[in-house]
Amino acid sequence: QKEVEQNSGPLSVPEGAIASLNCTYSDRGSQSFFWYRQYSGKSPELIMFIYSNGDKEDGRFTAQLNKASQYVSLLIRDSQPSDSATYLCAVRAGANSKLTFGKGITLSVRP
Amino acid sequence: EADIYQTPRYLVIGTGKKITLECSQTMGHDKMYWYQQDPGMELHLIHYSYGVNSTEKGDLSSESTVSRIRTEHFPLTLESARPSHTSQYLCASSDAGRTEAFFGQGTRLTVV
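Here we summarise the structure given alongside this text. The structure presented is a predicted model; accordingly, all values stated were derived computationally and were not measured.

Each value, and the rule that gives it
- Residues numbered from 1 in each chain as written.
- Chains lettered and ligands numbered in written order.
- Predicted model: local features only at pLDDT ≥ 70, side-chain atom pairs only at ≥ 80, totals over all residues.
- Heavy atoms only, no water.
- Helix = DSSP H or I, 4+ residues; strand = E, 2+ residues; numbered from the N terminus.
- Polar contact = N/O pair within 3.5 Å; in protein donor to acceptor, adjacent residues only side chain to side chain.
- Contact = heavy atoms within 4.5 Å.
- Phe/Tyr/Trp six-rings, centres within 6.5 Å; stacked < 30°, edge-to-face > 60°.
- Lys NZ or Arg CZ within 6 Å of the ring centre and 35° of its normal.
- Disulfide = S-S within 2.5 Å.
- Buried < 20%, exposed > 50% of the residue type's maximum accessible area, 1.4 Å probe, protein only.

Here's the deal with the side chain of Gln6 of chain B
Residues and elements named next belong to chain B.
Here comes step 1: Along the polypeptide, Gln6 turns up in strand 1 (residues 4–7).
Here comes step 2: Among the polar contacts made by the side chain of Gln6, one reaches the main-chain amide nitrogen of Cys91 at a distance of 2.9 Å.
Here comes step 3: Those residues in contact with Gln6 that lie beyond four places of it in its chain are Glu22, Cys23, Trp34, Tyr89, Leu90, Cys91, Gly104, Gln105, Gly106 and Thr107.

Some remarks on the packing of aromatic side chains
Here comes step 1: For the coordinates displayed, the defined rule picks out nine aromatic pairs over all chains.
Here comes step 2: Seen from their ring centres, Tyr48 of chain B and Tyr50 of chain B are 5.3 Å apart, and the 50° between their planes marks the pair as tilted.
Here comes step 3: Put simply, the rings of Tyr36 and Phe101 of chain A together with Tyr33, Tyr35 and Phe103 of chain B touch in pairs and so form one group of aromatic residues.
Here comes step 4: Residue placement shows Lys56 of chain A over the ring face of Phe49 of chain A; its charged tip is 3.4 Å from the ring centre.
Here comes step 5: The positively charged end of Arg60 of chain A is found above the aromatic ring belonging to Phe61 of chain A, 5.5 Å away from the centroid.

Things to note about the state of the cysteines
Residue and element names in this part refer to chain A.
Here comes step 1: Taken as a whole and assessed by the stated rule, the structure comprises two disulfides over all chains.
Here comes step 2: Two residues share a disulfide in this structure: Cys23 and Cys89, whose sulfurs sit 2.1 Å from each other. Between Cys23 and Cys89, the disulfide has an S-S torsion of -70° and is therefore left-handed. Taken together, the residues Cys23 in strand 3 (residues 19–25) and Cys89 in strand 9 (residues 85–92) connect sequence positions 66 residues apart.
Here comes step 3: You can call Cys89 buried: its relative accessible area is 0%.

Regarding unusual backbone geometry
All names here are of chain B.
Here comes step 1: At the junction of Thr7 and Pro8, the peptide bond is cis and its omega measures out at -10° in the coordinates.
Here comes step 2: Mapped onto the fold, Pro8 is located in the loop between strand 1 and strand 2 (10–13).
Here comes step 3: Look at Asn53: it is not a glycine, yet its phi comes out positive at around 65°.
Here comes step 4: Tracing the backbone shows Asn53 in the loop between strand 5 (44–51) and strand 6 (54–57).
Here comes step 5: For Asn53, a relative accessible area of 69% gives the class exposed.

This is the structure we're talking about:
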């Protein structure tokens, strides 16, 4: 089992819809969780981070963390064509641990 | 302005040449990383460093080597480039604690 799994995808949603991206992780000691967005040919850029169970909202983005079930998700409301990209989930076990990335989910928002 | 820089952005080089990919950050971050990513594929960690004189191999085996003599500088070297080394190489850094990693713009390497 990979440390960080992003199995669903590619995902296609119409403009204005809610896109839901999911990620599971294997290390129960994981403490920090991140969502990165990567446009084709570009570097990953951070869009959200979450440390505690529950929801964290930032504009159209909401990160959800459930440590008991070992999953973290990203919701994108009012999806726009500019949201079309690959979304990478990343997990860090502790302060001195390396950042582990999932393979990513490609999102396509149809105009 | 704090940032992380990679040079060159693009490099086309012949087989057998020695190359060094540069990565520098101005944020004073202790941790630095090198990732390798083929087009449309996932990121693979090839090297990381937790501080000066500290380097570790990542999850993906790589023929490249790294050094960390200064906090801000983390170069990656290939002694003899081969076509199988053709890929994008991404450098990143992060601070101690639970903070995120910041990425450079990447170096796209083509070995012919």
